[in-house]
Amino acid sequence: QVQLVESGGGLVQAGGSLRLSCAASGRTFSMYTMGWFRQAPGKEREFVAAIRWSGGSTFYADSVKGRFTISRDNAKNTVYLQMNSLKPEDTAVYYCASLRSGEWTNAYHYDYWGQGTQVTVSS
């Protein structure tokens with residue numbers, strides 16, 4: 001059984017930083033592209049960032065480019081999202097997910113999801 005467990009969310013002031021972690025189990029984690037998505041109240045789930053299984057390729061949403069960094073440690077079965085220069089509009093529940101196949105930015109192409117972790121950025 002595949003499990004993804006996010007941690008590291010919390011309340012931070014604008015301009016601050018947080019580091020999210022996603023611990024994976026039940027799958028050969030190192031073989032899969034992993035992504036981070038977020039969902040704010042009343043809004044659709046949106047793509048944030050993704051990283052290829054090898055860690056050699058990453059992709060970011062324009063809204064977070066230059067502020068967020070995705071990375072992974074396959075030995076620890078963990079993917080990270082370092083979030084710097086946080087803005088109030090970054091407030092959302094953040095989810096990690098494992099890509100089944102297809103487009104990295106399409107949530108429907110991911111087959112396993114964590115339960116999410118809340119990130120709240122105050123102004």
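Residues numbered from 1 in each chain as written. Predicted model: local features only at pLDDT ≥ 70, side-chain atom pairs only at ≥ 80, totals over all residues. Heavy atoms only, no water.

Draft legend 1. Here's a closer look at the pattern of salt bridges. Tallied over the full model, the rule gives four salt bridges. The shortest N-O distance in the salt bridge between Glu-46 and Arg-38 comes to 2.5 Å. Residue class for Glu-46 comes out partly exposed when judged on its relative accessible area of 35%. For Arg-38, a relative accessible area of 5% puts it in the buried group. Asp-90 is paired through a salt bridge with Arg-67; the nearest N and O atoms lie 2.7 Å apart. With Asp-90 in the loop between strand E8 (78-83) and strand E9 (92-99) and Arg-67 in the loop between strand E6 (58-60) and strand E7 (68-73), this residue pair connects regions lying 23 residues apart in the sequence. One salt-bridge network, in which partners are shared between bridges, spans Arg-38, Glu-46, Arg-67 and Asp-90. (Salt bridge = Lys/Arg side-chain N within 4 Å of Asp/Glu carboxyl O. Buried < 20%, exposed > 50% of the residue type's maximum accessible area, 1.4 Å probe, protein only. Helix = DSSP H or I, 4+ residues; strand = E, 2+ residues; numbered from the N terminus.)

Draft legend 2. Just the packing of aromatic side chains, in detail. Counted by the stated rule, this structure contains six aromatic pairs. With 5.6 Å between their ring centres and 75° between their planes, Phe-37 and Phe-47 make a pair best called edge-to-face. With Phe-37 in strand E4 (residues 34-39) and Phe-47 in strand E5 (residues 46-51), this residue pair connects regions lying 10 residues apart in the sequence. Accessibility assignment for this pair places Phe-37 and Phe-47 in one class, buried. Here the guanidinium or amino end of Arg-45 rests over the ring plane of Tyr-95, the centre of that ring lying 3.8 Å away. When the ring centre of Trp-113 is taken as reference, the NZ or CZ atom of Arg-45 above it lies at 4.7 Å. (Phe/Tyr/Trp six-rings, centres within 6.5 Å; stacked < 30°, edge-to-face > 60°. Lys NZ or Arg CZ within 6 Å of the ring centre and 35° of its normal.)

Draft legend 3. Just the state of the cysteines, in detail. In this structure the tally under the stated criterion is one disulfide. Disulfide pairing places Cys-22 opposite Cys-96 at an S-S distance of 1.9 Å. Of note, the bridge from Cys-22 to Cys-96 carries an S-S torsion of about 50° and is right-handed in sense. Within this pair, whereas Cys-22 is found in strand E3 (residues 18-25), its partner Cys-96 is found in strand E9, the two being separated by 74 residues in sequence. Exposure remark for Cys-22: the relative accessible area of 0% places this residue in the buried category. (Disulfide = S-S within 2.5 Å.)

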